[in-house]
Each structure stands twice: as C-alpha cells, then as structure tokens.
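# Structure assessment
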Amino acid sequence: MKYYILIIILLFTINSFAQNGTIKGKISDAENNDALPFANIVIFGTNIGTTSDFDGNFTFTGLKPGYKKIQVSFIGYKKTTSENILVSNNNSPYIEIQLEQDDNVLSEIIIKTDPFKKKDEAIISMQSIGVKEIESNPGSNRDISRVIQSFPGVGSTPAFRNDVIIRGGGPSENRFFLDDVEIPVLNHFSTQGASGGPVGIINADFIRSVDFYSSSFPAAKYNALSGILDFKQKDGSKDRTNYQAALGASETALTVDGPVGEKTSYIFSVRRSYLQFLFSAIGLPFLPTFNDYQLKVKTNIDKKNTFTLISIGSLDNLTLNSGIDNPTASQEYILSQIPINNQWSYTIGGVYKHFFDKGYHTLVLSRNMLNNEFYKYPDNNENLAKSFDYNSSEAENKLRYEYHIKKSSVKYIYSVNLEYADYTNQTSQQIYVNNLLINSKYETDLNVFKYGFSGQASKRFLENRLLISLGVRLDGNDYNKNTQNLFNQASPRISASYTLTPQTALNTGVGRYFQQATYTTLGYRNNSGALVNEDAVKFIGLNQFNLGVEHKFTEKILLSVEGFYKDYFQYPIDLITGASLANSGADYSSVAGASPVKFSGKGRAVGFEILNRWNFEDFSLLASYTFVRSLFTDTNNTYIPSSWDSKNLLTITGSKELKNNWRIGLKWRFVGGLPYTPYDLTTSSYVDVWNAKGQAYFNFAQLNSNRFKAFHQLDLRVDKNFFFNKWSLMLYIDIQNAYNFQNKSQDYIIREKNPDGTYQTTNNGTQYVLKRVASESGTVLPSVGVMIKF
C-alpha cells in the first residue's frame, strides 16, 4: 500500500503540455433536424471560433485539453451553449447541437445565452446537470443518484444507500428515462418496489446531461409523483475507436466507443465490483458483487430519420461472510438480519425519430425485466428450513409514440403509451399478525395491460414576457374497475413564467399526478391464492402547488426561492402494521409493498427551497437549503411524520479549477434528524416470533415517534488530469466524512449467549434474553480513482 500511495503521489506531480484536442459535431434545427450552415460557433469564454459547413458540420482542432463548452448563434435562432465536453489529445468527441427557432427576433426582449436554461414544458422545479458536475462532485464517486443530493429538495440518509428522496416523498415515487427509454432499475441491489440501492447502474462515462424534475412534470412523462431523471447520453466517436479503463472506489470498468461505417456510432461498457474482496479482508459480514453493462448504438439513417438502440443491465449477488470467528455485536446483528440476495435486471429499447418541416415523430419500443431472489436460513444454518424464501420477476413490454409540432408559435406535444406487464412471485415466510404467527405461502402470475395518453401546449404572450404551458394526462390499466377508467386518473397541469425584468422571473405550477401501485402490492395473494388487494387497488394521487422567483445576477449566477405543497390521496396503508407505504423502500432486506393494504391514506409535504448556483469556467458553486415537513396518515387517519421528515436540508458543493489540470472540490451536507419507530422488545423476545424473522420487531403503535439527531458530513476531492499525445490519465482522491462525524442510529438488538454459545432464554425457554447494543457509524473513507483513455 505504501508503494501504491507513492506512485500516486509521483503521478500527481507530473505535468503534461500537449495541446492537440479536437471537437467535431453538427448544428441542426431542433424542430426538423435540418442542417444549419454558416452558424457561428465559438469555444465558450474564448476567441476561438469557426462556422458550420453546408451540412452543418464543424471541427475545432489544436485545443487545450480539459472541459469545454460550445456556444452557437445563428440568425433566427436562440443562442445556445452546450454542456461541458471533455477534450483530450487522443480522441475526438462528437456532439450534435440543436438550435430552437427564436420568436423574439423582432421583440423588445433580447434573450441571451442561459446556462440555467429550462424547457418550455418544464418552467419550474427543473434543474440541468452536466457531466462536469457529475465527475467532480465530492463523495459521489461519479454516481448520479448521489450527485442530485446536492440539489434543493433532495434528501439523503447516513446509510450507504442511493435512495432518491424528493420533497418529502418516498423512494418509490420516481421514474428514470435514458435517451427516451424508461429504465425502472437505477441501482444495484435495488429494493423491489422502490428506487434505492447502494451503487448506481448508470456509467458516468455515458452521460452527456441530466434533466432533474422535482415537480411540474412534462405531460409525456408519466407514473411519477416526486421526481423524474431524464438522462441524455453521449454519442460514440465518428472517427476512431477509443478505449477507457477505470479503477474506481468500488469497481473496475472498460468503455469502448467508435464508428460502425459512415452513419453509425456506438459506445459500450462493462463494470465489475471488487468490494467482495475488500469486505472479506476487513471482516465485514456481507460480501456484495455487482456487474453491469451499458450500450448505445446510434444510426443517422438519412437527414430526416434516426434510430438509436439503448440497453443496460445488471447482475448482483450478495452473500454472507459467515466464516467470521467471534463476531462483534454489530457483525452478529447484520448476519442475523440480512438475507442472501441474487438479482439481475436489463432494459433494451429502440428509439426511432422521423423529422418533418415543423416537428418530429418519436417511436419507442422497449422491454425491461427484473428478477429478484431473497432467502434466509434461521441463524444462517442451511440444515434448517428457510425462514424466508422469495423469488420474483417483473417484465414490461412498452410502446410509446410522441408527436412534436410547432404551429403559430405554439409548441404541441402529444403522446400515447401502451404497456404489457408480467409479474410472478413465489413467497414463503412467517408473518406475525395480531399476536399470532401465520405461515404465508403463495404464488402469483399476474398480467397487467396499461395505457395512457397526453397532450401539452406551450406558448409565449405579452411580447414574450409570459410563458404558459398547459398539459393533461389520462392513464389506466385493466387490473380492476377502479383503474380501468382513464378519467379516474385524469391529471391536468399548468405552469407559467412571467419575466418581471430581464434578470428576474416569477414561476408557478399546479398539477395533479398519478402513479400505479407497485407490482408487489398488485400481485400479493393469500394462502388460498386470491389477490388480497384486487378490489381495493387505486392509482396513488397527488396534487402539487409550486410558486417561486428566480433572479440571475449575471449570466453565470442564479438565486431562486421556491415554495411547494404536496397533497397526497389514495395512498396505500399496510393493514398489518397500520403504517403508510410512503415510509417503506429504504431497507436492504425488504420488498416494498408486499402486504395487504387499503387505499385510504393521505399525506402532505410542505416546504420551501433556496438555491444559489454559480457557473464560471474555473469555479462552480451550488448551495441549497430546503425546509420540508412530510406527514402521512396511519390506519386511524392520524397524520404522523414520515420516515423522510428531515425538516432541514443544507448542502454546499463547490469546485475550483487550478493550473496544470488540477481541480479541488468539497461538499458539506446537513440533514435534520429523521423519525424512527422504536422496537417492541416484549414481542420480539418470544422464541418462535424471533426465529420467524431473525431480528427485532418494531412497535408500530408508536410509529415514527422517536427522532435521530441531525447528520452532517464533509467530503473532499482532488482531481488531476494528464493529457499526453496518444493517451490520457485521470486521477482523483476522494475523502468521505473528512472530519469523522459519528452518526448514532437505532440500537442493535441481539440475543444474549451462554458461555457455551447457546442463546439464553427465560420463562421455560419461551423467550430469548435480548440485549441492546449502541449503534454508531462513521469513519473517514478515502478512495482513489484511476482512468486511462487511449
């Protein structure tokens, strides 16, 4: 290790001076894909410029390596600045930039280039995230699920997880799109029925930009209540084959991109973790192994037609390190509760686009599948019958059509989507209900046909000072009579932005949104094979109201304040625990929603956000504060703080570019104490009750009645890039929890042992003797990353 560290230090002292970077691309009309010849193109912040040729193509050569933005202007079109592009000496990144026609050409208002630009159909509660912000975000290890924790409204937990918690909503309330293809699984070891997991699946090497919506979703995006992440991926090189090998904090990766003929490019990657070796070496009680792949192939059939193939998949295995001698209390606790988990998933989809004079058609055909296996032996003794055995699969086949057109300065977007889902489940477990242990064993094979329609129109008024976007969605499925009727799930929405001054705008949005219940809820059966929730199931509903103001001090400094109110209805309540399912989905060993429920729950999340964002070429700052209260009703219709009721969220993230391709960054976050439910130690102590689950039971009569102390953490990062003539080397050192904050979480509950290793009991052997062990976590976690491009 000493020699390894010495080599890293020596590498950090090397400087490279080659300056042969190249960028190639194409400028076209965003509506009809027509090439725009003779557009003015400059490297943002410099005097280096060129123009596009007759086919819209352009080339920059002799560039200094590093991150660059391209600014494009053309008469009759809005001036546009691209996302950051990483330029090196040994490859030629390719970027297509589409310009929107400018209705302000003859207007009194002059629209300048805007690095904080938003879409007409997403006026409020939307942020764009570039690749540079993802690469340089301290403590995130290039994982987008952690990067967005820097943005307003996004909560986090001290646990080593990537749960996406937005404005007090649960981690099951979000949706993710990759180049127009929905990807239901965002993380490895994903909690089924939610979105969380410890490590993200998406490879940051693919990302061009991310649009993050926390409300006022475009009508064409569906089945979400709290958030949508819309990823745009890079195109492969048009000139040559490039390779990148990476060694990160938890995995190794290989990425390849290049051309296939004159019209097609591709980018492909594979990754594999090495955490299982590290965890075993340091004595951790669980050993995770994850693998994933990602693929994009794009073909420009001709000037008016394109086809893109997208695919992403994962293979995950979690085993127990049962060979630990004399485990500590924390090791014993983890070994007793975590099950074996084998999981795999994939998504594959094709996106066809046809452009015409005033718009374009988009047709998306995709299939995704998740297979999830959990099982647990009592005390990890494989000679005994399994105490928990779960095997499930979710497969969805999707067809979506979108029609984009602009008429008389009004932008219209229409969409139709059809889906056919197949959900299977074989579950065997014991459930403790009403002081009785019940053996639950069922199989389900459920088919659901889903359908939806949407329309949206956006237009500017009052000499372009006022922008209004009006949309509506209708969704349904054939599960039962409640869900079949499209108009039961009618979701209108309207948003508006009024320019008070050239620097200041007032934004507002009101909308109703619906989300289908999880398959684990839809397919839950009793021992007789009947669908327990068949008559009760409804779509979960949300009314949301937003009002905000934003002020741009300069083109590069933004300050915004936004208030929100979320009014939930028809939220499922677990009939066993009496708790809203809004509280579930952030547990490694759980399957969210697999229980009998009633859809009578209500909830509210109210708060405000403050965002200050600086986007200079050599310095960036993102400071955000959110106040939020999140409460949901229980089975008695009483509002109770949810598991995401953190109250206060504060994050400050900054990075600074230094000379010779050095970059330093820091992120400090503060998360208010989250509520938690105390244990029912009396019930948990009974031998047959404990053995059924292998851990303590919660006292849901006191749901979320206690609260942890606040959590805060400082992460630091140093990057150094070397650009040689034929290859590039990128290094980083990332230090999480730099000042070693110790977080106190809920106590471990374990069983006392006799000297011979057997468990102590009382009351004639009917009850275990339980022991509380304080649980504190927190350690300085340094990691080193190495990336080589050639």
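Residues numbered from 1 in each chain as written. Predicted model: local features only at pLDDT ≥ 70, side-chain atom pairs only at ≥ 80, totals over all residues. Heavy atoms only, no water.

## Considerations on the pattern of salt bridges
Within this structure, the stated rule accounts for 39 salt bridges. Residues Arg613 and Glu133 are paired through a salt bridge, measuring 2.9 Å at the closest nitrogen-oxygen approach. Here Arg613, found in strand β34 (residues 597-615), pairs with Glu133, found in helix α2 (residues 131-136); they are 480 residues apart in sequence, far enough to count as distant. A salt bridge links Glu657 to Arg663; its shortest N-O distance comes to 3.5 Å. (Salt bridge = Lys/Arg side-chain N within 4 Å of Asp/Glu carboxyl O. Helix = DSSP H or I, 4+ residues; strand = E, 2+ residues; numbered from the N terminus.)

## Describing the sheet that holds strand β6 (residues 70-73)
Sheets are built from strands that pair by backbone hydrogen bonding, the pairs being arranged parallel or antiparallel. On the basis of which strands lie adjacent, the open sheet formed by four strands has the order β3-β2-β6-β7 and antiparallel pairing. Only two strands of the sheet have a single partner each, and these edge strands are β3 (49-51) and β7 (80-81). Strand direction decides the pairing type here: β6 and β7, joined by two bridges, are antiparallel. Counted as the bridge partner of Val72 is Thr80 from β7. (Pairing = 2+ DSSP bridges.)

## Here we look at the confidence of the model for the protein chain
Looking at the protein chain, the pLDDT average stands at 90 and 94% of residues meet or exceed 70. Across the protein chain, the secondary-structure element scoring lowest on mean pLDDT is helix α1 (residues 2-12), at 49, and the one scoring highest is strand β36 (residues 639-641), at 97. Below a pLDDT of 50 lies the segment residues 1-5, which in the model reaches three contacts outside its immediate sequence neighbourhood of four places, other chains included. Scored below 50 in pLDDT, residues 106-113 makes 14 contacts in the model with residues more than four places away or belonging to other chains. (pLDDT = per-residue confidence, 0-100. Contact = heavy atoms within 4.5 Å.)

## Looking at empty space enclosed by the protein
In this approach a probe as big as a water molecule rolls over the atoms, and the regions it shows empty are the leftover space. The final tally for this structure, using the stated rule, is 13 cavities of 30 Å³ or more. Of the volumes computed, that of the largest cavity is approximately 580 Å³. Lining the largest cavity are 37 residues, with Arg175, Glu182, Asn223, Glu396 and Tyr519 sitting closest to its centre. Of all the secondary structure elements, the ones that give two or more residues to the lining of the largest cavity are β13 (174-178), β25 (359-376), β26 (388-407), β27 (410-433), β28 (436-461), β29 (466-477), β31 (504-515) and α7 (519-522). Its residues placed into classes, the lining of the largest cavity shows 13 nonpolar, 16 polar and eight charged. (1 Å grid on protein atoms, 1.4 Å probe; cavity = no way out; pocket = protein on both sides within 12 Å on 5 of 7 lines; lining within 4 Å. Points joined across faces, edges and corners; volume = space filled by probe spheres on them. Nonpolar A, V, L, I, M, F, W, Y, C, P; charged D, E, K, R; others polar.)

## Let's talk about the packing of aromatic side chains
Counted by the stated rule, this structure contains 37 aromatic pairs. With 5.3 Å between their ring centres and 75° between their planes, Tyr442 and Tyr524 make a pair best called edge-to-face. Of this pair, Tyr442 sits in strand β28 while Tyr524 sits in the loop between α7 and β32 (540-554), and the two are 82 residues apart along the sequence. Its relative accessible area of 5% is what places Tyr442 among the buried residues. Relative accessible area serves as the criterion here: at 7%, Tyr524 is assigned to the buried category. Between the aromatic rings of Phe514 and Phe569, the centroid separation amounts to 5.8 Å while the plane-to-plane angle is 90°, which identifies the pairing as edge-to-face. Placement of the pair is Phe514 in strand β31 and Phe569 in strand β33 (residues 557-574), with a sequence separation of 55 residues. Each of the two residues, Phe514 as well as Phe569, counts as buried. (Phe/Tyr/Trp six-rings, centres within 6.5 Å; stacked < 30°, edge-to-face > 60°. Buried < 20%, exposed > 50% of the residue type's maximum accessible area, 1.4 Å probe, protein only.)

## As for unusual backbone geometry
Although it is not a glycine, Asn223 sits at a positive phi angle of roughly 65°. Secondary-structure assignment places Asn223 in the loop between β17 (207-213) and β18 (227-233). Judged by its relative accessible area of 17%, Asn223 is buried. Phi at Asn660 takes a positive value of approximately 60°, unusual for a residue other than glycine. Overall, the relative accessible area of 40% leaves Asn660 in the partly exposed class.

## Focus on the pairing of β6
Sheet topology places strand β2 (residues 40-43) next to β6; four bridges connect them, and they run antiparallel. Its bridge partner being in β6, Ile41 is matched across the sheet by Val72.

## So, the sheet that holds strand β4 (residues 57-63)
Taken together, three strands build an open sheet; the order of strands is β4-β1-β9 and the sheet is mixed. Looking at the sheet topology across the chains shown, the edges are occupied by β4 and β9 (94-99). Each neighbouring strand pair of the sheet contributes to a mean axis angle of 25°, computed without reference to strand direction. For strand β1 (residues 21-29) and β4, the ladder comprises five bridges, and the chain directions are antiparallel. In the sheet register, Gly21 faces β4, and the bridge partner there is Leu63. (Axes fitted to C-alpha atoms, helices over the stretch in contact; angles between N-to-C directions.)

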